[in-house]
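Read off the chains here:
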Amino acid sequence: MIDFKLPSLGADMDEGTLLEWLVQPGDEVKRGQVVAIVDTSKTAVDVEIWQAGKVHELIVRPGEKIPVGSVLATLLEPGESVPPTRQAPVVQTIKTEARRRVSPAARKEAETLGVDISLLAGTGPDAAVTLEDVRRAATVKPPVQAPVVASTASAAIDRNAEMRKAIGAAMSRSKREIPHYYLSETIPLRQAGAWLAEQNARRPVTTRLLMAVLQLKAVALATRKFPEMNGFWQDGGFKPAPAAHLGVAIALRQGGLLAPAIHNVAEKTLDQLMSDLTDLVKRVRAGTLRSSEMSDPTLTVTNLGEQGVDAVFGVIYPPQVALVGFGKVRERPWTEAGEVHAIPLVVASLAADHRVSDGHRGALFLAEIHELLQHPERL
Amino acid sequence: MKTSYREALRAALREALQDDPRVFLMGEDVGRYGGSYAVSKGFLEEFGPERIRDAPLSELGFVGAGIGAALGGMRPIVEVMTVNFSLLALDQIVNTASALRHMSGGQFSVPLVIRMASGAGRQLAAQHSHSLECWYAHIPGIKVLAPATVEDARGMLAPALADPDPVIIFEHAQLYNLEGESNHVAPVDISAARVRRTGSDVSLITYGGSLPKALQAAELLAGMGIDAEVVDLRVLRPLDSQSIVASVRKTHRAVVVDEGWRSGSLAAEVMARIVEQAFFDLDAPPARVCSEEVPMPYARHLEEAALPQAAKIVAAARAVMGK
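Since this is a predicted model, take the numbers as computed values, not measurements.

Chemist: Which parts of the structure should I look at to understand the overall build of chain A?
Modeler: Broken down by element type, chain A carries nine helices and 20 strands. The burial tally for chain A puts 35% of its 379 residues in the buried class. In chain A, the share of contacts with a sequence separation of at least 24, taken over all contacts with a separation of at least 6, comes to 64%.

In structure tokens form, the structure reads like this:
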């Protein structure tokens, strides 16, 4: 029997609401198949399953809110038959709303400290909320009166409030736990700009490339020489990621942002990346992201050029260990061999985790991105 | 001074026999054989057959004789070879010794001390190995002690003899060779539990032969970053709820280790009190490590598997920590 559990779709998620099942008991599922849609505080996500099998029982019903790690459904492994004891009355089992496990001590403490238990993920036995969970939550955020509104009219407002809260929790954790250091480097984009103009002149509008794609590819390639920028800080140590799945920060129209992953950026062609990026932006706004895109980013890239800022010094999204930012590409004076030229420049910045890397390596990493962007044809 | 649990018991007995002419020792093989666990070796020669009395194989008879002697003004110490055999004397203990003060309207008391060996671990199979302390701890009107350290082995006898009511002392058979410090100066109390190791994450509450295992488990847990407190109950009746609750209030988690069978065990009683008196301090459901509910097997590997062990205690403690 396989337990299909609600995955964590990012450091800022500790629970989700099941919106819809896309499978029924008896259905065969394949690895990577989208089987359910779950609403996180940020967006609706298509949740994939990573084990093949046959759906046995759907345990959580649409509309139920469950903590990360809860069993959503059980599946039979290939070749496994239905265990006799569980076969009986699957039809009419009345499922009571799963009661949140909260230790008595945690409940009492939450009352004292004014912490809303319903917002906490439990780390105790059977995912129970423990005293420590409550105390940790109390130090993270001031006791907020959680809006317990269920009416559909205020759903949008709730979503914004929830998202603010989720971003707040993740960023507070980041600033609390990660010793950030920041570096920036101005990168000339004369060659890249010219190459891009030449390429795009030959292309129909729909397949034109953006500078952002060159930047993504350059960052991904640079991580090959600087693996300490790409991976996770977990269990008190750094775990480098085997591939660069770049989280692309995408602002949402209603406010807030998401940073889902484009997978294996270093291995993809610019054309592929462009279509991936277009697709991702479209799906972020339509709310049809896949769970792997939410949970996989190994390094985030943020581009605030459109908004016109020169540089962005970002906050690392835990458990990642670095964030690369790009500002607006502007034509500016640039001196070369004693002559002043007007050429497009961009400020690339790095926020990195000092537990994993030092400024020296960070500077070389930015220099590598600089160098890679001087040869757009090789990207 | 370093000494063994057995030597500490001997020293306590000798002191009692020397200090009070009303004290005598009676039981199977306590005289000529020197005691099944060699606790009274040489005492027959030292104190004579009037005071070191070999009894026939009749627990009902000689425990009853002990009760009679106590009523008559003596201070008898009756040794029962193992707790399994004491069941033959249950009638004397439950219906007579523990009840006489009540039945006589306070006119009679029974200042009797009964020592018995309990527990497994020596491949003595299902008629010599059980841990039935709980059955005695159920009886009002008596005190039940479980010395688990050399200090308690040395110090508990004197206050037991001074007590006007029956006191049963359980000596776990695995402890006789235990070495430890005994700086005996004054009798120890026979009313309170004691913290044998302080810790902040989880309380391991135990008694008797399981104390060394709990201490060993606490060391292993320390290596995993779990700071365990070990509470030695010492007195099984009346239970010192206050100490138990104080420890759980501090650590918020409890694992009770008891060599008795799980159902209706002392561990069950301890857990009930924790839930009654410290419910809102609990951060995880209390857990138990007890003996498997089977007659004690003879084969060594099966006997080991049936008993609480340090590894089982570690696993239980980690589970209540959610680790």
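Chemist: Would you explain the packing of helix 6 (residues 211-225) of chain A against helix 7 (residues 270-286) of chain A in this entry?
Modeler: Packed helices, taken two at a time, are described by the angle between their axes plus the distance between the axes. Residue and element names in this part refer to chain A. Two numbers describe how helix 6 lies on helix 7: the axes approach to 10 Å, and their chain directions differ by 115 degrees. The angle between helix 6 and helix 7 places the two elements in the roughly perpendicular class. You can see that helix 6 and helix 7 cross each other, and the crossing is right-handed. Contact residues: Val213, Leu214, Leu216 and Lys217 in helix 6; Leu270, Leu273, Met274 and Leu277 in helix 7.

Chemist: What exactly am I supposed to notice about the sheet that holds strand 13 (residues 254-261) of chain B here?
Modeler: For sheets, the rule is that strands pair by backbone hydrogen bonds, running either parallel or antiparallel. All names here are of chain B. The mixed open sheet is built from five strands, whose spatial order is 9-11-10-13-14. A strand with exactly one partner marks an edge of an open sheet, and here the two such strands are strand 9 (194-197) and strand 14 (287-291). Strand-to-strand twist in this sheet, taken as the mean axis angle between neighbours without regard to direction, amounts to 25 degrees. In the sheet, strand 9 pairs with strand 11 (residues 228-232) via three bridges, with the strands oriented antiparallel. Residue pairing for strand 11: Val195 is matched across the bridge by Val231. Sheet contacts for helix 10 (residues 211-223): strand 9, strand 10 (202-206), strand 11 and strand 13; angle to strand 11, the most-contacted strand, approximately 170 degrees. Contacts between helix 14 (residues 310-321) and the sheet are confined to strand 10, strand 11, strand 13 and strand 14, with strand 14 contributing the most and set at about 165 degrees to the helix.

Chemist: Explain the interface of chain A and chain B here, please?
Modeler: Contacts between the two partners involve eleven residues from chain A and, on the opposite side, ten residues from chain B. Broken down by element, the side of chain A that touches chain B gets its largest block of residues, four residues, from helix 2 (residues 104-113) of chain A. Here the side of chain A that touches chain B is composed, by residue class, of six nonpolar, four polar and one charged.

Chemist: Would you mind going over the environment of Leu270(A) with me for this structure?
Modeler: Residue and element names in this part refer to chain A. Looking at where Leu270 falls in the secondary structure, it is placed in helix 7. Between the C-alpha atoms of Leu270 and Leu214, which are 56 residues apart in sequence, the distance is 7.1 Å. Those residues in contact with Leu270 that sit more than four places away from it in its chain are Leu209, Val213, Leu214, Lys217 and Leu379.

Chemist: Help me understand the nonpolar core, please; the structure alone is not making it clear to me.
Modeler: Soluble globular proteins tend to bury their nonpolar side chains together. Residues and elements named next belong to chain B. Ranked by internal contacts, the top residues of the largest apolar core, which has 110 residues, are Leu145, Leu204, Val255, Ile313 and Ala317. Per-element tally for this core: the top contributor is helix 14, with seven residues. Those residues in contact with Ala317 that sit more than four places away from it in its chain are Val202, Leu204, Ala217, Leu221, Ile226, Ala228 and Val255.

Chemist: Whenever I open this one, the sheet that holds strand 5 (residues 113-118) of chain B confuses me. Can you help?
Modeler: All names here are of chain B. Read across the open sheet, the seven strands follow the order 3-2-4-5-7-6-12; overall the sheet is mixed. Every other strand in the sheet has two partners, leaving strand 3 (52-54) and strand 12 (235-237) as the edge strands with one partner each. Geometrically, the sheet is characterised by an average inter-axis angle of 20 degrees between neighbouring strands, direction not taken into account. Two strands pair when backbone bridges link them, and strand 5 and strand 7 (residues 167-172) are joined in this way by six bridges, in the parallel orientation. Paired with Met116 across the bridge in strand 7 is Phe170.

Chemist: Which parts of the structure should I look at to understand the confidence of the model for chain A?
Modeler: Do not read the fine detail of predicted coordinates wherever pLDDT is low. All names here are of chain A. Counting all residues, the mean pLDDT for chain A is 85, and 91% of those residues have values of 70 or more. The low-confidence segment residues 86-96 (pLDDT under 50) makes three contacts with residues lying over four places distant or belonging to another chain. In the predicted structure, residues 141-153 sits below a pLDDT of 50 and forms 13 contacts with residues beyond four places in sequence or in another chain.

Chemist: Help me understand helix 2 of chain A in this model?
Modeler: It helps to recall that an α-helix has 3.6 residues per turn; residues three or four apart then point in one direction. All names here are of chain A. Along helix 2, the positions that sit buried rather than exposed are Ala105, Ala106, Glu109 and Ala110. Buried residues in helix 2, looked at end-on, bunch into an arc of 130 degrees, giving them a common side. Seen from the open side of helix 2, the exposed residues pointing more than 90 degrees away from its buried face are Glu111 and Thr112. One or two steps after helix 2, the chain reaches Gly114, where phi turns positive at roughly 70 degrees.

Chemist: I keep staring at the pairing of strand 2 (residues 23-27) of chain B and nothing clicks. Help me out?
Modeler: Taken residue by residue, a regular strand's side chains alternate between the two faces of the sheet. Residue and element names in this part refer to chain B. Across the five residues of strand 2, five count as buried, placing the element largely inside the fold. Burial along strand 2 is two-sided: Val23, Leu25 and Gly27 and Phe24 and Met26, pointing in opposite directions, are all buried. Relative to strand 4 (residues 75-80), strand 2 is paired through five bridges, and the arrangement is parallel. Its bridge partner being in strand 4, Val23 is matched across the sheet by Arg75. Where strand 2 lies against strand 3, three bridges are found, and the strand directions are parallel. Directly across from Gly27, in strand 3, lies its bridge partner Asp54.

Chemist: I keep staring at the packing of helix 6 of chain A against helix 9 (residues 359-373) of chain A and nothing clicks. Help me out?
Modeler: Residues and elements named next belong to chain A. It is the contact of helix 6 with helix 9, at a shortest axis distance of 9 Å, that shows an interaxial angle of 130 degrees. Classed by the angle they form, the pair helix 6 and helix 9 counts as oblique. Handedness of the helix 6/helix 9 crossing: right-handed. Residues Leu214, Ala218, Val219, Leu221, Ala222 and Lys225 of helix 6 lie in contact with helix 9, whose contacting residues are Phe365, Glu368, Ile369, Leu372 and Leu373. Across the contact of helix 6 with helix 9, the residue classes tally to nine nonpolar, no polar and two charged.

Chemist: Would you mind going over the confidence of the model for chain B with me for this structure?
Modeler: In this model, chain B carries an average pLDDT of 96, and 100% of its residues clear a pLDDT of 70 or more. Interface predicted TM-score (ipTM) for the complex: 0.74; the corresponding pTM is 0.56.

Chemist: Sorry, what's going on with the environment of His354(A) here?
Modeler: Residue and element names in this part refer to chain A. Checked against the element boundaries, His354 lands in the loop between strand 20 (339-353) and helix 9. Residue classification places His354 among the partly exposed residues on the basis of 13 C-beta atoms within 10 Å. Residues His354 and Tyr181, 173 residues apart in the sequence, show an inter-C-alpha distance of 6.4 Å. Discounting residues that sit within four places of it in the chain, His354 has contacts with Pro179 and Tyr181.

Chemist: Is there a simple way to think about unusual backbone geometry in this case?
Modeler: Glycine aside, negative phi is the norm for most residues, and most peptide bonds take the trans geometry. Between Pro318(A) and Pro319(A) the backbone carries a cis peptide bond, its omega angle lying at 5 degrees. The omega torsion of the bond from Arg237(B) to Pro238(B) falls at -5 degrees, within 30 degrees of zero and hence cis. Phi at Asp29(B) takes a positive value of approximately 65 degrees, unusual for a residue other than glycine. With respect to the helices and strands, Asp29(B) occurs in the loop between strand 2 and helix 2 (43-47). Residue classification places Asp29(B) among the partly exposed residues on the basis of 16 C-beta atoms within 10 Å. Of note, Ala38(B) is a non-glycine position whose phi angle comes to about 60 degrees, a positive value.

Chemist: Just to check I follow, could you spell out the pairing of strand 13 of chain B for this structure?
Modeler: All names here are of chain B. Burial analysis of strand 13 places eight of its eight residues in the buried class, which makes it a mostly covered element. Pairing geometry for strand 10 and strand 13, over three bridges, is parallel. Considered in strand 13, the bridge of Leu204 is made with Val255. Looking at chain direction, strand 13 and strand 14 are connected through four bridges and run parallel.

Definitions and limits used
Residues numbered from 1 in each chain as written. Chains lettered and ligands numbered in written order. Predicted model: local features only at pLDDT ≥ 70, side-chain atom pairs only at ≥ 80, totals over all residues. Helix = DSSP H or I, 4+ residues; strand = E, 2+ residues; numbered from the N terminus. Buried ≥ 20, exposed ≤ 12 C-beta atoms within 10 Å, placed from the backbone. Contact = placed C-beta atoms within 7 Å. Axes fitted to C-alpha atoms, helices over the stretch in contact; angles between N-to-C directions. Parallel < 35°, antiparallel > 145°, perpendicular 65-115°, else oblique. Left-handed = near helix turned anticlockwise from the far one by under 90°. Pairing = 2+ DSSP bridges. Nonpolar A, V, L, I, M, F, W, Y, C, P; charged D, E, K, R; others polar. Core = buried A, V, L, I, M, F, W, Y, C linked by C-beta atoms within 7 Å. pLDDT = per-residue confidence, 0-100. Arc of directions from axis to C-beta.

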